[in-house]
Amino acid sequence: MFNQGLSLEQAPPLGVPIKFFLSAPIFGVLLGLLFLFTPFLEVSNQYSSSAIAAVHLFTLGILTMIIFGAMQQMMPVLAGSVIKKPLLFGNLVHTSLVLGTLGLSTSFIFDIKIFLHVGVLFLSIAFLVFFIITIKLLFKVEFLTSTVKAMRLFSVSGLLTFFLGLFLTVSHMSGNIGDNYTIFVNSHILFGLFGFAALLIMGVSFQVIPMFYVAKDFPKVIQNKIPLLIFSLLFVSFFFLLFEINFFVLKLLFVSIFITYSYFGLKSLNNRKRPVFDITLWYWKLSLTMFILSMILWLFDIFESNFILAIIFAFGFLYSLLQGMVYKIIPFLAWFHLSSKGYFSIPTIREFIEEENIRYHFFFHVSSVIFFVLSYFINPLIYLASILFIISNIMFFINCLIGVKKYSKIAKTDPMDMSAFK
């Protein structure tokens, strides 16, 4: 995954991505509390204010938070694109994203319009600053790997997702919700989940899975063709929605592509060249399996409500994978920064966060997903699901913090102190 020529000067300070990673589970706790104190029928209704708030606590507070943090590390590593003044950039994007997410979600939970204005202002700063810089840097890259190409498509999709969302929020602020409102909502969702989230995950996995897990490469046709095909289908889908053309054929294409990707991802993970146990494999395998299941549910509209689909796609697929990635990124960055500074007696990458603690977190995370799904059939179970989800996010935060604290403890010592991490 990591460029052999990467130097400490190219990488952003460790605190830049870490603040994003540690913020995500805090928003996870807030999301769990929203589920806990909101009646099931309200939070499961995708058009209710509480459901809209829940969706954006996840997509902005968790999904975007982790992606923005990871991208600031991955751009110099995977694309050779170095962000100038990374501290200023990171602080501006992080602060704006936190305030914007809180403002937007609070406005829907308590129906206070002024918070919607605050949310839109700060989210505009976060997304425009992030994507203007990202697009500028990525489109200057000359050596185009499949991952860099996917990152380019992700950045354009992310910017389009923002503008679609901006249109929707302005409609809410002005009270001028036109006839095409639903079309823009569905396009916002598709570009956000398939363009912003799935495209980046796919692109990064083309390098992460083979390098981190000593696994086989994805077939070249998957790496080189699928991201562009998905990106093209997103534009086609907008016109299908606009002109009310039957969407089933497009759904079938999306589903076929994502299931094919997931199949080869699982095949690669299950046929590793060096099958050493790694707890983060559980997160990857769960994620890709949930991706397949969510696509089947979406294709056939198996349930009248989208609640189960949303849980399996968001918590089962996206959050499982993001947590597994963070558990890889934080230890690597801690090890990389220490070794680059001349420390010799340091923990291995797998020693920064205890695998047993990650294992416990995994079981709480999986249990929360299971009980959220069951709550669709037995509504009171949502309380148990919410509590498990809150505990899971607290464990995720503590595990990440332990890794950061272990780094900080060593970084305060003399590099030649051989007992620094004992």
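All figures in this text were calculated on a predicted structure; none of them were measured in a lab.

Right, let's get into the overall build of the protein. A tally of helices and strands in the protein yields 13 helices and 0 strands. The order of α-helices and β-strands along the protein, N terminus first, is α-α-α-α-α-α-α-α-α-α-α-α-α. Since a compact globule built from 422 residues should have a radius of gyration of about 22 Å, the 21 Å found for the protein is in line with a globular shape. In the protein, which comprises 422 residues, the proportion classed as buried is 57%. Relative to all contacts within the protein whose residues are 6 or more apart in sequence, the contacts with residues 24 or more apart total 77%. Only carbon and sulfur atoms are counted for the fraction: they give 68% of the accessible area of the protein, which is about 18,100 Å². Taken together, the 26 basic and 16 acidic charged side chains of the protein have centroids lying 10 Å from each other.

Along the chain, Ile387 falls in helix 13 (residues 381-411). Judged by relative accessible area, which is 41%, Ile387 ranks as partly exposed. For the pair Ile387 and Val276, spaced 111 residues apart in sequence, the C-alpha to C-alpha distance is 33 Å.

Take the side chain of Ser50 next. Among the secondary structure elements, Ser50 is positioned in helix 3 (residues 49-79). Ignoring any residue separated from it by four or fewer positions in sequence, one finds Ser50 in contact with Leu34, Thr38 and Glu42.

The next thing to look at is the packing of aromatic side chains. Note on aromatic pairs: each is described by the distance of the centres and the angle between the planes. For the structure shown, the criterion picks out 54 aromatic pairs. When the ring of Tyr376 is compared with that of Phe377, the centres are 5.2 Å apart and the planes differ by 90 degrees; the resulting orientation is edge-to-face. Relative accessible area serves as the criterion here: at 22%, Tyr376 is assigned to the partly exposed category. Exposure remark for Phe377: the relative accessible area of 52% places this residue in the exposed category. One residue, Arg152, lies across the ring of Phe139, its end atom 4.7 Å from the ring centre. A cation over an aromatic ring shows up here: Lys328 above the ring of Phe212, its NZ or CZ 5.4 Å from the ring centre.

Here we come to empty space enclosed by the protein. Per the stated rule, a full pass over the model turns up 3 cavities of 30 Å³ or more. Considered as a void within the structure, the largest cavity measures approximately 160 Å³ in volume. Looking at the largest cavity, it is lined by 14 residues, and the ones nearest its centre are Met74, Leu200, Ile201, Leu322 and Met325. Looking at the lining of the largest cavity, the elements that each hand over two or more residues are helix 3, helix 7 (181-212) and helix 11 (307-340). Considering every element that reaches the lining of the largest cavity, the biggest residue donor is helix 7, with 5 residues. Counted by class, the lining of the largest cavity contains 13 nonpolar, 1 polar and no charged residues. Roughly 110 Å³ of volume is contained in the second largest cavity. Of all the elements in the fold, those that place two or more residues in the lining of the second largest cavity are helix 11 and helix 12 (355-375). The biggest single contributor to the lining of the second largest cavity is helix 11, with 3 residues. The residue makeup of the lining of the second largest cavity, split by class, is 6 nonpolar, 1 polar and 4 charged.

Right, let's get into a nonpolar patch on the surface. A cluster of nonpolar side chains, Ile109, Phe110, Ile112, Ile114, Phe115 and Val118, forms an exposed patch at the surface whose accessible area comes to about 500 Å². Counting only elements with at least two residues in the nonpolar patch, the list comes to helix 4 (86-110) and helix 5 (113-138). Here the element with the most residues in the nonpolar patch is helix 5; it accounts for 3 residues. The topology assignment puts Ile109 in helix 4. Judged by relative accessible area, which is 32%, Ile109 ranks as partly exposed.

Within the largest apolar cluster, 149 residues are counted, with the highest numbers of intra-cluster contacts made by Phe68, Met71, Trp284 and Phe315. No other element matches helix 11, which puts 23 residues into this core. Beyond its immediate sequence surroundings of up to four residues, Trp284 is in contact with Ser205, Val208, Ile209, Tyr213, Tyr261, Leu269, Leu321 and Met325.

Another aspect to go through is the confidence of the model for the protein. With 96% of its residues at a pLDDT of 70 or more, the protein has an overall mean of 92. Predicted confidence is poor over residues 1-6, with pLDDT under 50, and the contacts of this stretch with residues over four places away or in other chains come to 16 contacts.

Tallying each qualifying case throughout the model produces 3 salt bridges. Close ionic contact of Asp301 with Lys251 constitutes a salt bridge, the shortest N to O distance being 3.5 Å. Remark: Lys251 occurs in helix 9 (residues 248-270) and Asp301 occurs in the loop between helix 10 (280-300) and helix 11; sequence separation between them is 50 residues. Assessed through its relative accessible area of 9%, Lys251 is described here as buried. One salt bridge connects Lys328 with Asp278, and the closest N-O pair in it is separated by 2.6 Å. Of this pair, Lys328 sits in helix 11 while Asp278 sits in the loop between helix 9 and helix 10, and the two are 50 residues apart along the sequence. For Lys328, a relative accessible area of 12% translates into the label buried. A relative accessible area of 8% places Asp278 in the buried class.

In this section: the packing of helix 4 against helix 5. Orientation of helix 4 relative to helix 5, taken along the N-to-C sense of each, is 145 degrees, at an axis distance of 7 Å. Judged by the twist between their axes, the crossing of helix 4 over helix 5 is left-handed.

Before going further, it helps to spend a moment on unusual backbone geometry. Residue Lys85 is not a glycine yet carries a positive backbone phi of 50 degrees. By secondary structure assignment, the location of Lys85 is in the loop between helix 3 and helix 4. The phi dihedral of Asp301 falls on the positive side, at around 45 degrees, and the residue is not glycine.

So, how was this worked out
- All residue numbers refer to position in the chain's written sequence, counted from 1.
- In view of the model being predicted, local features appear only for residues whose pLDDT reaches at least 70, and side-chain atom pairs are presented and counted only at 80 or more, with totals across whole chains, interfaces and linings using the full set of residues.
- Only heavy atoms go into the side-chain values, all of them from the structure, while hydrogens and water stay out.
- In this description a helix means any DSSP run of H or I spanning at least four residues, a strand means any run of E spanning at least two, and both kinds are numbered starting from the N terminus.
- Note on method: radius of gyration uses C-alpha positions; expected globular size equals 2.2 Å times residues raised to 0.38.
- Any residue under 20% of the maximum accessible area for its type is buried, any over 50% is exposed, and the rest in between are partly exposed; the area is computed with a 1.4 Å probe on protein chains only.
- Two residues qualify as a contact provided that any one of their heavy atoms is within 4.5 Å of a heavy atom in the partner residue.
- Computed with the Shrake-Rupley method and a 1.4 Å probe, the accessible areas treat only the protein chains shown as cover for residues.
- Counting rule for charge: Lys and Arg are taken as positive, Asp and Glu as negative, and neither His nor the chain ends is counted.
- By convention, charge coordinates are those of NZ in Lys, CZ in Arg, CG in Asp, or CD in Glu.
- Between 30 and 60 degrees the pair is tilted, below 30 it is stacked and above 60 it is edge-to-face, where a pair is any two Phe, Tyr or Trp rings, Trp via its six-membered ring, whose centres lie within 6.5 Å.
- When the NZ atom of lysine or the CZ atom of arginine is within 6 Å of a ring's centre and also within 35 degrees of its normal, the charge is said to sit over that ring.
- Definitions used for this entry: grid spacing 1 Å over protein atoms alone; cavity, a set of points where a 1.4 Å probe fits but cannot get out; pocket, an open set with protein on both sides within 12 Å along at least 5 of 7 lines; lining residue, one with an atom within 4 Å of a point.
- Grid points are joined across faces, edges and corners, and a volume is the space filled by probe spheres set on the points.
- Residue type decides the class: Asp, Glu, Lys and Arg count as charged, Ala, Val, Leu, Ile, Met, Phe, Trp, Tyr, Cys and Pro as nonpolar, and the leftover types, Gly among them, as polar.
- In this analysis, a patch consists of residues with relative accessible area above 30% that form no salt bridge, clustered at 9 Å for like charges and at 5 Å for the nonpolar side chains Val, Leu, Ile, Met, Phe, Trp and Tyr.
- Throughout this description, the term salt bridge denotes a Lys or Arg side-chain nitrogen within 4 Å of a carboxyl oxygen of Asp or Glu.
- Take the buried Ala, Val, Leu, Ile, Met, Phe, Trp, Tyr and Cys residues and link them wherever side-chain atoms come within 4.5 Å; each set so joined is a nonpolar core.
- pLDDT expresses, on a scale from 0 to 100, how confident the predictor is about each individual residue.
- Axis lines are fitted through C-alpha atoms, for helices just across the contact stretch, and the angle between N-to-C directions can take any value from 0 to 180 degrees.
- Here a crossing is called left-handed whenever its near helix is offset anticlockwise from the far helix by less than a right angle, and right-handed whenever the offset is clockwise.

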